[in-house]
Amino acid sequence: IACAVLIVVHNHQKKDYSADQASPQAAIHACYAAIEQQDADRILADTPDAVIEEYAQKGINRNDLLKLVQDYLPTYLKTLEDSCGGSITADLQTEEQEDITDNYTDASLPVERAYRYPIVIRIQGDAGNREETRTSTAIQVDGNWYSTDITAFLSAANTTASSAK
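Conventions used here
- Counting restarts for each chain, with residues numbered from 1 along the sequence as it is written.
- Only residues with pLDDT of at least 70 get local features here, since the model is predicted, and only at 80 or more are side-chain atom pairs given and counted; chain-wide, interface and lining totals rely on the full set of residues.
- Derived side-chain values reflect all non-hydrogen atoms in the structure, with water molecules and hydrogen atoms excluded from consideration.
- Secondary structure elements follow DSSP: runs of H or I no shorter than four residues count as helices, runs of E no shorter than two count as strands, and numbering proceeds from the N terminus.
- Between buried and exposed lies partly exposed: a residue is buried under 20% and exposed over 50% of the maximum accessible area for its type, with that area taken using a 1.4 Å probe on protein chains only.
- Any two residues whose heavy atoms approach within 4.5 Å are treated as being in contact.
- Only the protein chains shown count as cover for residues, with accessible areas throughout obtained via the Shrake-Rupley method and a probe of 1.4 Å.
- This arc is built from the directions going out from the helix axis to the C-beta atoms.
- To qualify as a nonpolar core, a set must consist of buried Ala, Val, Leu, Ile, Met, Phe, Trp, Tyr and Cys residues joined through side-chain atoms within 4.5 Å.
- In the sections that follow, a salt bridge refers to a side-chain nitrogen of Lys or Arg positioned within 4 Å of a carboxyl oxygen of Asp or Glu.
- In this scheme Phe, Tyr and Trp rings, the latter by its six-membered ring, pair at centre separations within 6.5 Å, and the angle between planes marks the pair as stacked below 30 degrees, edge-to-face above 60, and tilted otherwise.

Visitor: Please explain the overall build of the chain as it appears in this structure.
Guide: Secondary structure assignment for the chain yields six helices and five strands. For the chain, the succession of helices and strands along the chain, N to C, is α-α-α-α-α-β-β-β-β-β-α. Expressed as a percentage of its 165 residues, the buried residues of the chain come to 39%. By sequence separation, contacts in the chain at least 24 residues apart represent 64% of the contacts at least 6 residues apart. Split by element, the accessible area of the chain, about 9,500 Å² in all, is 48% carbon and sulfur.

Visitor: Got a minute to help me understand helix 4 (residues 49-57) in this structure?
Guide: An α-helical turn contains 3.6 residues, so any two residues separated by three or four positions project in the same direction. What helix 4 keeps buried is the set Val-51, Ile-52 and Tyr-55. Viewed along the axis of helix 4, the buried residues span an arc of 100°, placing them on a single side of the element. Residues Asp-49 and Gln-57 are exposed on helix 4 and point more than 90 degrees away from its buried face. Gly-59 sits one or two residues past helix 4 and shows a positive phi near 90°.

Visitor: Any chance you could explain unusual backbone geometry here in plain terms?
Guide: The bulk of non-glycine residues show a negative phi, and the bulk of peptide bonds are trans. A positive phi angle, close to 55°, is found at Gln-38, a residue other than glycine. Structurally, Gln-38 is set in the loop between helix 2 (24-36) and helix 3 (40-45). If you check the backbone angles, Asp-142 has positive phi at about 55° while not being a glycine. Position of Asp-142 relative to the elements: it lies in the loop between strand 4 (128-141) and strand 5 (144-147).

Visitor: Quick question: what am I supposed to make of the nonpolar core here?
Guide: Inside soluble globular proteins, nonpolar side chains tend to come together where they are buried. With 38 residues, the main nonpolar core has Ile-43, Leu-65 and Leu-154 as its most contacted residues. Looking at this core, the elements with two or more residues in it are helix 2, helix 3, helix 4, helix 5 (62-84), strand 3 (111-125), strand 4, strand 5 and helix 6 (148-164). Dropping the residues within four chain positions of it, Ile-43 is found in contact with Ala-34, Ile-35, Val-69, Leu-73, Ile-150, Phe-153 and Leu-154.

Visitor: Which parts of the structure should I look at to understand the pattern of salt bridges?
Guide: Taken as a whole and assessed by the stated rule, the structure comprises three salt bridges. A salt bridge links Asp-46 to Arg-42; the nearest nitrogen and oxygen atoms lie 3.9 Å apart. The same class applies to Asp-46 and to Arg-42, which are both buried. Put simply, Asp-71 and Lys-67 hold a salt bridge, and the shortest N to O gap is 2.9 Å. Taken as a pair, Asp-71 and Lys-67 lie in helix 5 at a separation of four residues, close to a single helical turn.

Visitor: What am I meant to see in the packing of aromatic side chains here?
Guide: To describe a pair of aromatic rings, one takes the distance between the centres and the angle between the planes. Counting across every chain of the model gives four aromatic pairs. Judged by centre distance (5.5 Å) and plane angle (85°), the ring pair of Tyr-76 and Phe-153 falls under edge-to-face. Residue Tyr-76 is located in helix 5, and its partner Phe-153 is located in helix 6; the two are separated by 77 residues in the primary sequence. We classify Tyr-76 as partly exposed; its relative accessible area is 21%.

If you want it as structure tokens, here you go:
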């Protein structure tokens, strides 16, 4: 019985998020879906390995990162809720892309391609609705697409945890 439980837990942790990395649009949508669903495992799965390795070199292993993200997600979502009240849903729409691959020639990550998209995030809450227009960037590393918003989210989680110490 103990073996069966271990296998179930192990399989639960091995979700396949490869579809999140199939296209730049999928990477951006996956980023915001993971945040909205408070899915820390998905956030780390949608982070380039090189970024995870950079944190490991600073003494923050994958489990530590997972804990940072789990702790930061409620704080991040609370700031959105405080601005509109009640439950929050984000509606992401991507439009035309801008090729910004040349901006990443000296980056620490081996970026193959990079596209920037204007996006609209709609936040609906009990106190009203809010729209935010911003840009989001998707980068291709080792053939997979990632949202740079994920790496920014990790950085914010790490900074918040460091400030709390």
